[in-house]
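Inside the fold
This is what each chain is made of:
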Amino acid sequence: MVNVPGTAPDITRIRSAVAAFVDGAGFDWAALKGSRAAVPLAEICESHSLCLVEMSRLTHASVGRHMACLGVLSLPPEPSRCQIAGYIFGDVNRAFIFINRDDPFARRRFSLAHEIGHYMLHRGGFLARATARPKPVPVAMEYADPREAEADAFAAEILMPWELVAPDAMPLHRGEIGPERAVTRLAARLQVSRQAASRRLREWPGAS
Ligand SMILES: [Zn+2]
(Lines give C-alpha, C1' and ligand atoms only; values in the text may rest on other atoms or scores of the structure.)
Protein backbone atom coordinates (compact mmCIF):
# COMPACT_ATOMS: atom_id res chain seq x y z
CA MET A 1 0.00 0.00 0.00
CA VAL A 2 1.26 3.47 -0.81
CA ASN A 3 0.45 5.98 1.87
CA VAL A 4 1.89 9.41 2.41
CA PRO A 5 3.66 9.34 5.81
CA GLY A 6 1.54 10.79 8.55
CA THR A 7 -1.76 10.26 6.73
CA ALA A 8 -2.59 6.75 7.95
CA PRO A 9 -6.13 6.70 9.31
CA ASP A 10 -6.60 7.16 13.06
CA ILE A 11 -7.91 3.68 13.77
CA THR A 12 -9.06 4.50 17.32
CA ARG A 13 -11.28 7.29 16.01
CA ILE A 14 -12.59 5.03 13.26
CA ARG A 15 -13.43 2.19 15.65
CA SER A 16 -15.27 4.66 17.88
CA ALA A 17 -17.30 5.82 14.86
CA VAL A 18 -18.14 2.21 13.94
CA ALA A 19 -19.28 1.45 17.50
CA ALA A 20 -21.33 4.66 17.61
CA PHE A 21 -23.05 3.78 14.32
CA VAL A 22 -23.88 0.20 15.31
CA ASP A 23 -24.85 0.89 18.92
CA GLY A 24 -26.79 3.99 17.80
CA ALA A 25 -29.04 1.72 15.77
CA GLY A 26 -29.84 -0.38 18.84
CA PHE A 27 -27.53 -3.26 17.92
CA ASP A 28 -24.99 -4.67 20.35
CA TRP A 29 -21.63 -4.23 18.63
CA ALA A 30 -19.80 -6.42 21.14
CA ALA A 31 -22.33 -9.23 20.58
CA LEU A 32 -22.09 -8.92 16.80
CA LYS A 33 -18.30 -9.11 16.99
CA GLY A 34 -18.63 -12.15 19.24
CA SER A 35 -20.68 -14.06 16.66
CA ARG A 36 -19.25 -15.71 13.56
CA ALA A 37 -21.84 -14.15 11.25
CA ALA A 38 -21.74 -11.32 8.73
CA VAL A 39 -22.62 -7.90 10.13
CA PRO A 40 -26.27 -7.06 9.22
CA LEU A 41 -25.31 -3.76 7.63
CA ALA A 42 -28.58 -3.05 5.79
CA GLU A 43 -30.63 -3.62 8.96
CA ILE A 44 -28.34 -1.36 10.96
CA CYS A 45 -28.75 1.37 8.32
CA GLU A 46 -32.54 1.22 8.58
CA SER A 47 -32.37 2.67 12.08
CA HIS A 48 -30.45 5.75 10.95
CA SER A 49 -31.56 8.77 8.94
CA LEU A 50 -30.12 7.37 5.74
CA CYS A 51 -31.94 7.08 2.44
CA LEU A 52 -30.42 4.25 0.42
CA VAL A 53 -30.87 4.20 -3.36
CA GLU A 54 -29.53 1.48 -5.65
CA MET A 55 -29.34 2.49 -9.31
CA SER A 56 -28.05 0.83 -12.47
CA ARG A 57 -25.36 2.66 -14.43
CA LEU A 58 -24.70 5.05 -11.55
CA THR A 59 -23.01 8.29 -12.64
CA HIS A 60 -22.77 11.82 -11.30
CA ALA A 61 -25.45 12.76 -13.81
CA SER A 62 -27.91 10.07 -12.72
CA VAL A 63 -27.42 11.04 -9.08
CA GLY A 64 -28.13 14.67 -10.00
CA ARG A 65 -31.30 13.73 -11.90
CA HIS A 66 -32.55 11.59 -9.03
CA MET A 67 -31.90 14.32 -6.48
CA ALA A 68 -33.70 16.83 -8.68
CA CYS A 69 -36.70 14.45 -8.92
CA LEU A 70 -36.78 14.25 -5.15
CA GLY A 71 -36.85 18.02 -5.11
CA VAL A 72 -33.81 18.15 -2.89
CA LEU A 73 -31.62 20.17 -5.21
CA SER A 74 -29.71 20.01 -8.44
CA LEU A 75 -26.08 19.03 -8.17
CA PRO A 76 -23.54 20.99 -10.15
CA PRO A 77 -22.90 19.50 -13.60
CA GLU A 78 -20.11 16.97 -13.59
CA PRO A 79 -18.27 16.39 -16.85
CA SER A 80 -17.38 12.76 -16.19
CA ARG A 81 -19.76 10.17 -17.61
CA CYS A 82 -17.87 7.33 -15.93
CA GLN A 83 -19.85 4.98 -13.74
CA ILE A 84 -19.14 5.30 -10.04
CA ALA A 85 -19.46 2.78 -7.19
CA GLY A 86 -21.24 5.03 -4.74
CA TYR A 87 -22.22 8.56 -3.86
CA ILE A 88 -23.21 10.28 -0.65
CA PHE A 89 -25.06 13.52 -0.33
CA GLY A 90 -26.07 14.89 3.01
CA ASP A 91 -25.59 17.14 5.97
CA VAL A 92 -25.28 16.71 9.73
CA ASN A 93 -28.73 15.20 10.18
CA ARG A 94 -29.43 13.00 7.17
CA ALA A 95 -27.92 11.60 4.03
CA PHE A 96 -28.77 10.02 0.71
CA ILE A 97 -26.47 7.17 -0.25
CA PHE A 98 -26.43 5.92 -3.83
CA ILE A 99 -24.94 2.53 -4.70
CA ASN A 100 -24.27 1.15 -8.18
CA ARG A 101 -26.70 -1.75 -8.59
CA ASP A 102 -24.58 -3.25 -11.39
CA ASP A 103 -21.76 -4.11 -8.99
CA PRO A 104 -21.62 -7.57 -7.34
CA PHE A 105 -23.35 -7.97 -3.95
CA ALA A 106 -20.13 -7.98 -1.92
CA ARG A 107 -18.87 -4.88 -3.72
CA ARG A 108 -22.18 -3.06 -3.07
CA ARG A 109 -21.92 -3.96 0.59
CA PHE A 110 -18.42 -2.50 0.81
CA SER A 111 -19.51 0.62 -1.09
CA LEU A 112 -22.36 1.10 1.39
CA ALA A 113 -20.00 0.69 4.34
CA HIS A 114 -17.56 3.15 2.74
CA GLU A 115 -20.26 5.80 2.26
CA ILE A 116 -21.45 5.30 5.85
CA GLY A 117 -17.82 5.97 6.82
CA HIS A 118 -18.07 9.36 5.13
CA TYR A 119 -21.39 9.96 6.93
CA MET A 120 -19.94 9.16 10.34
CA LEU A 121 -16.50 10.75 9.91
CA HIS A 122 -16.93 13.68 7.53
CA ARG A 123 -20.39 15.14 7.91
CA GLY A 124 -19.47 18.32 9.74
CA GLY A 125 -21.46 20.27 7.18
CA PHE A 126 -22.50 19.83 3.59
CA LEU A 127 -21.31 16.49 2.24
CA ALA A 128 -21.24 15.43 -1.41
CA ARG A 129 -18.73 12.80 -2.46
CA ALA A 130 -18.44 10.20 -5.17
CA THR A 131 -16.50 6.97 -4.86
CA ALA A 132 -14.84 5.61 -7.97
CA ARG A 133 -15.05 1.98 -8.97
CA PRO A 134 -11.86 0.07 -8.14
CA LYS A 135 -9.41 -0.74 -10.90
CA PRO A 136 -9.79 -4.34 -12.15
CA VAL A 137 -6.23 -5.24 -11.11
CA PRO A 138 -5.21 -3.08 -8.17
CA VAL A 139 -1.44 -2.77 -7.99
CA ALA A 140 -1.31 -0.49 -4.98
CA MET A 141 -3.75 1.48 -2.91
CA GLU A 142 -3.10 5.17 -3.31
CA TYR A 143 -5.23 7.78 -1.63
CA ALA A 144 -5.01 11.29 -2.98
CA ASP A 145 -7.54 12.33 -0.33
CA PRO A 146 -7.06 11.01 3.24
CA ARG A 147 -10.84 10.96 3.70
CA GLU A 148 -11.02 8.14 1.16
CA ALA A 149 -8.50 6.13 3.21
CA GLU A 150 -10.59 6.81 6.33
CA ALA A 151 -13.82 5.69 4.65
CA ASP A 152 -12.15 2.49 3.43
CA ALA A 153 -10.78 1.86 6.93
CA PHE A 154 -14.28 2.39 8.37
CA ALA A 155 -15.67 -0.14 5.87
CA ALA A 156 -13.04 -2.71 6.82
CA GLU A 157 -13.64 -2.18 10.54
CA ILE A 158 -17.42 -2.55 10.34
CA LEU A 159 -17.50 -5.47 7.89
CA MET A 160 -14.38 -7.30 9.09
CA PRO A 161 -13.56 -6.48 12.73
CA TRP A 162 -10.65 -8.62 13.92
CA GLU A 163 -12.94 -10.66 16.18
CA LEU A 164 -14.88 -11.80 13.09
CA VAL A 165 -11.75 -12.34 11.01
CA ALA A 166 -10.08 -14.49 13.66
CA PRO A 167 -11.89 -17.80 12.88
CA ASP A 168 -10.13 -17.84 9.48
CA ALA A 169 -7.02 -15.76 10.19
CA MET A 170 -5.87 -17.88 13.12
CA PRO A 171 -5.87 -21.25 11.34
CA LEU A 172 -4.22 -19.56 8.36
CA HIS A 173 -1.38 -18.21 10.45
CA ARG A 174 -1.03 -21.52 12.31
CA GLY A 175 -0.55 -23.15 8.92
CA GLU A 176 -3.67 -25.30 9.25
CA ILE A 177 -5.29 -23.92 6.09
CA GLY A 178 -3.80 -22.24 3.02
CA PRO A 179 -4.32 -18.63 1.96
CA GLU A 180 -6.76 -19.50 -0.85
CA ARG A 181 -9.02 -21.42 1.50
CA ALA A 182 -8.83 -18.72 4.16
CA VAL A 183 -9.82 -16.03 1.66
CA THR A 184 -12.68 -18.15 0.31
CA ARG A 185 -14.02 -18.92 3.78
CA LEU A 186 -13.73 -15.35 5.06
CA ALA A 187 -15.30 -13.81 1.95
CA ALA A 188 -18.26 -16.21 2.10
CA ARG A 189 -18.82 -15.91 5.85
CA LEU A 190 -18.60 -12.12 6.11
CA GLN A 191 -20.13 -11.41 2.67
CA VAL A 192 -17.19 -9.42 1.38
CA SER A 193 -15.26 -9.64 -1.88
CA ARG A 194 -12.25 -11.95 -2.16
CA GLN A 195 -10.14 -8.85 -2.72
CA ALA A 196 -11.32 -7.25 0.53
CA ALA A 197 -10.93 -10.52 2.45
CA SER A 198 -7.43 -11.07 1.10
CA ARG A 199 -6.34 -7.56 2.01
CA ARG A 200 -7.75 -7.86 5.52
CA LEU A 201 -6.01 -11.19 6.10
CA ARG A 202 -2.69 -9.65 5.03
CA GLU A 203 -3.29 -6.88 7.61
CA TRP A 204 -4.00 -9.38 10.43
CA PRO A 205 -1.99 -8.14 13.42
CA GLY A 206 -0.51 -11.59 13.95
CA ALA A 207 0.78 -11.77 10.38
CA SER A 208 4.53 -11.85 10.02
ZN1 LIG B 1 -15.38 7.90 -0.74
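Residue positions within a chain follow its written sequence, with the count starting from 1. Per-residue local features are limited, in this predicted model, to residues with pLDDT of at least 70; the limit for side-chain atom pairs, both in listing and counting, is 80 or more; totals at the level of whole chains, interfaces and linings are taken over all residues.

**Section: the overall build of the chain**
Under the scheme used here, helices are H or I runs from DSSP no shorter than 4 residues and strands are E runs no shorter than 2 residues, and both carry numbers assigned from the N terminus. Along the backbone of the chain there are nine helices and four strands. The linear arrangement of helices and strands in the chain, starting from the amino end, is α-α-α-β-α-β-β-α-β-α-α-α-α. In this scheme the burial state of a residue depends on its C-beta neighbours within 10 Å: 20 or more other such atoms mean buried, 12 or fewer mean exposed, and anything in between means partly exposed; the C-beta positions come from the backbone. With 208 residues in all, the chain has 33% of them scored as buried. Residues are defined as contacting one another if the C-beta atoms placed from their backbone atoms lie within 7 Å. Partitioning the contacts of the chain with sequence separation of at least 6, the portion at a separation of at least 24 is 68%.

**Some points on helix H7 (residues 162-173)**
An expected span of 1.5 Å times one less than the residue number is assigned to each helix. With twelve residues, H7 should reach 16 Å at 1.5 Å per residue; the first-to-last C-alpha distance of 14 Å falls well below that figure. Those residues of H7 that sit buried are Leu 164, Val 165, Asp 168, Ala 169 and Leu 172. Projected down its long axis, H7 carries its buried residues within an arc of 105 degrees, all on one side. With its phi angle positive at about 80 degrees, Gly 175 sits one or two positions after the end of H7. Note: the arc covers the axis-to-C-beta directions of the helix.

**Some details on the confidence of the model for the chain**
On a range of 0 to 100, pLDDT expresses the predictor's confidence in each residue. When the pLDDT values of the chain are averaged, the result is 87; 88% of them are 70 or greater. Helix H8 (residues 179-190) holds the highest mean pLDDT among the elements of the chain, 98, whereas strand S4 (residues 127-132) holds the lowest, 78. Considering only residues more than four positions removed or in separate chains, one finds that residues 1-5, a stretch of pLDDT under 50, has seven contacts.

**Topic: the nonpolar core**
Note on terminology: a nonpolar core is a set of buried residues of type Ala, Val, Leu, Ile, Met, Phe, Trp, Tyr or Cys, with members joined through C-beta atoms within 7 Å. Counting residues in each nonpolar core, the largest one holds 49 residues, and the members touching the most others are Ala 113, Phe 154, Ala 155, Leu 159, Leu 186 and Val 192. The element that contributes the greatest number of residues to this core is helix H6 (residues 146-159), accounting for eight residues. Two domains each put at least three residues into this core: domain 1 (11-136 + 144-159) and domain 2 (161-203). Discounting residues that sit within four places of it in the chain, Ala 155 has contacts with Phe 110, Ala 113, His 114 and Gly 117. An automatic or database domain assignment is the source of the domain bounds shown.

**Re the environment of Thr 131**
By secondary structure assignment, the location of Thr 131 is in strand S4. For the pair Thr 131 and Gly 86, spaced 45 residues apart in sequence, the C-alpha to C-alpha distance is 5.1 Å.

**Brief notes about the packing of helix H1 (residues 11-24) against H6**
Across the interface, H1 lies against H6 with an axial gap of 9 Å and an inter-helix angle of 55 degrees. Classified by the angle between their axes, H1 and H6 sit oblique to one another. At the point where H1 passes H6, the crossing takes the right-handed sense. Contact residues: H1 offers Ile 11, Ile 14, Arg 15, Ala 17 and Val 18, while H6 offers Glu 150, Ala 153, Phe 154, Glu 157 and Ile 158. Orientation is described by lines fitted to C-alpha atoms, with helices fitted over the stretch in contact, and by angles between N-to-C directions that extend from 0 to 180 degrees. Every angle not falling under 35 degrees, over 145, or within 65 to 115 is termed oblique; those three ranges are roughly parallel, roughly antiparallel and roughly perpendicular. By the definition used in this description, the sense in which the near helix is turned from the far one sets the handedness, with an anticlockwise turn below a right angle giving left-handed and a clockwise turn giving right-handed.

**Considering the pairing of strand S2 (residues 84-90)**
With seven of seven residues buried, S2 is to be regarded as a mostly interior element. When DSSP finds at least two bridges between two strands, those strands are taken to pair. Looking at chain direction, S2 and S4 are connected through six bridges and run antiparallel. Note on S4: the bridge partner recorded for Ile 88 is Arg 129. Where S2 meets strand S3 (residues 95-100), five bridges bridge the pair, whose relative direction is antiparallel. Bridge pairing links Phe 89 to Phe 96 in S3.

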